[in-house]
Each structure stands twice: as structure tokens, then as C-alpha cells.
Amino acid sequence: MVSHSGPKKFALFLLCCMGNLLSSHMLSILRPDAKDQQKIIKELQYLSKILLEEYREAEKGVPESTKYTLPCSTSDPHPSNNINSSAILPYFQGIKQHINNKSVVDEITGQLKKLVSQDTSEINVSVPTDPFERKCFILAILQQFAKCVDGKAMNSEDQKART
């Protein structure tokens, strides 16, 4: 038997290693540019208002709650980059089954995924099991998300006006 441990095997090894390295770096390059991020935030702004209005209409009488908080911002100094999509995404995945308009939730999660940076850890969100508490939780998350994306859109427009 002849051993095939020559240059072909080494080249294959390098190709595999470099392929993984390049693909991991390409993910960060594929993140939308500032202009596309602004479009995504504007879309999120529109979708969040729809979802919040529909939820308020369907769940009349649910009081506002400050008991629950949505981690809206990251430490990135650029307004369009500092939406904490990695942390917000699990909240929408958690509340999806309790919302009537799942297609809007799917659109929101799709847009948030476009903004997620690759080096994020998985966050677990516990949705309350008590029906009343769950409704308060969902309303609080939807309200905070709407304020979050409204603030990001305003900040980026202010920044554009200054330049």
C-alpha cells in the first residue's frame, strides 16, 4: 500500500481550514451597510406599530407594566448599529405563539436576524405562564420594542441632518 500523505493531503487540509476561516469572516462582512440598516430599522418601526396596535385592540384592558424590560441597545456608538437585535430576537421568538398575527412577528424576526452580529451568545427568554402576566409581558415587550426602533430611526435621522 502507498500512503497519500503528500502535498495533496496538505493542500486539502489548508483548503478546509481556510474555508472555515473565510466563511466566518464573510459573515461579518455580509452584515448590511448603514443605509440598509436604516431601511431595516424603518421596516421594524412600521411593523412594531402594526403589531402593538393589533395587540392592544385584541387585548383591551391589559395594564401597562414596567416589571419587564427589553434590552434595546448595545454599546455601539452608531445609532443604526446599536439596536440589540441578538437580545431582542429571543423575545419575539418566545411571544410568537401567543400573538394572533404571526406573519408580522415572522417579518420582525427576519429583519432582526439581518442585524444580528455573528459573535453573540444565545439568550433564553421565559414567557410567563400565567395568562394575565403573559399578556402584560407581551404588551410591555411590544411597547418597548416600538420605542426602541422609533428612537433608533430618530437618532439616525438626526445624525444624517448633522452631516
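Cut-offs used in this document
Residues numbered from 1 in each chain as written. Predicted model: local features only at pLDDT ≥ 70, side-chain atom pairs only at ≥ 80, totals over all residues. Heavy atoms only, no water. Helix = DSSP H or I, 4+ residues; strand = E, 2+ residues; numbered from the N terminus. Buried < 20%, exposed > 50% of the residue type's maximum accessible area, 1.4 Å probe, protein only. Contact = heavy atoms within 4.5 Å. Areas by Shrake-Rupley, 256 points an atom, 1.4 Å probe, with all protein chains shown as cover. Salt bridge = Lys/Arg side-chain N within 4 Å of Asp/Glu carboxyl O. Phe/Tyr/Trp six-rings, centres within 6.5 Å; stacked < 30°, edge-to-face > 60°. Axes fitted to C-alpha atoms, helices over the stretch in contact; angles between N-to-C directions. Parallel < 35°, antiparallel > 145°, perpendicular 65-115°, else oblique. Left-handed = near helix turned anticlockwise from the far one by under 90°. Nonpolar A, V, L, I, M, F, W, Y, C, P; charged D, E, K, R; others polar. Core = buried A, V, L, I, M, F, W, Y, C linked by side-chain atoms within 4.5 Å.

Under an unreviewed UniProt entry, the chain has the name Interleukin 31 and belongs to Loxodonta africana.

## A word on the overall build of the chain
Check the secondary structure of the chain and you find five helices and zero strands. The linear arrangement of helices and strands in the chain, starting from the amino end, is α-α-α-α-α. Looking at the chain residue by residue over its 163 residues, the buried ones come to 37%. Considering only contacts in the chain between residues 6 or more positions apart, those separated by 24 or more positions represent 77%. A total of about 10,400 Å² of accessible surface is found on the chain, and carbon and sulfur atoms cover 56% of it.

## Considerations on the pattern of salt bridges
Applying the stated criterion to the full structure yields four salt bridges. Across the salt bridge formed by Glu 59 and Lys 135, the nearest N and O atoms sit 3.1 Å from each other. Here Glu 59, found in the loop between helix 2 (34–58) and helix 3 (85–95), pairs with Lys 135, found in helix 5 (residues 131–162); they are 76 residues apart in sequence, far enough to count as distant. Residue class for Glu 59 comes out partly exposed when judged on its relative accessible area of 22%. Exposure remark for Lys 135: the relative accessible area of 30% places this residue in the partly exposed category.

## Notes on the environment of Phe 145
By the element assignment, Phe 145 lies in helix 5. In this view, Phe 145 contacts Leu 44, Ser 48, Leu 70, Ile 88, Phe 92, Ile 108 and Leu 112; residues no more than four positions away in its chain are not counted.

## Things to note about the packing of aromatic side chains
Counted by the stated rule, this structure contains three aromatic pairs. Through successive ring pairs, a cluster of aromatic residues spans Tyr 68, Tyr 91 and Phe 137.

## Here we look at the packing of helix 3 against helix 4 (residues 102–115)
Geometry of a packed helix pair, given as the angle between the helix axes and the separation of the axes. Across the interface, helix 3 lies against helix 4 with an axial gap of 9 Å and an inter-helix angle of 160°. One finds that helix 3 runs roughly antiparallel with respect to helix 4. Between helix 3 and helix 4 lies a crossing of left-handed hand. Listed contacts from helix 4 to Ser 85, Ile 88, Leu 89, Phe 92 and Gln 93 of helix 3 are Val 105, Ile 108, Thr 109, Leu 112, Lys 113 and Leu 115. Class assignment of the residues belonging to the contact of helix 3 with helix 4 gives a composition of seven nonpolar, three polar and one charged.

## Focus: the packing of helix 2 against helix 4
Contact pair helix 2 / helix 4: the axes reach a minimum separation of 10 Å and the direction vectors enclose 155°. On the basis of the axis angle, helix 2 is roughly antiparallel to helix 4. Seen from above, helix 2 lies across helix 4 with left-handed handedness. Contacts between helix 2 and helix 4 involve Gln 37, Ile 40, Glu 43, Leu 44, Leu 47, Ser 48, Ile 50 and Leu 51 from the first element and Val 104, Val 105, Glu 107, Ile 108, Gln 111, Leu 112, Lys 114 and Leu 115 from the second.

## Some points on the nonpolar core
One finds Leu 44, Phe 92, Ile 95, Ile 108, Leu 142 and Phe 145 to be the most contacted residues of the largest nonpolar core, which totals 34 residues. Every element with two or more residues in this core is listed here: helix 2, helix 3, helix 4 and helix 5. Ranked by residues supplied to this core, first place goes to helix 5 with eleven residues. Setting aside anything within four residues of it in sequence, one finds Leu 142 in contact with Leu 51, Leu 52, Tyr 55, Phe 92, Ile 95 and Ile 99.

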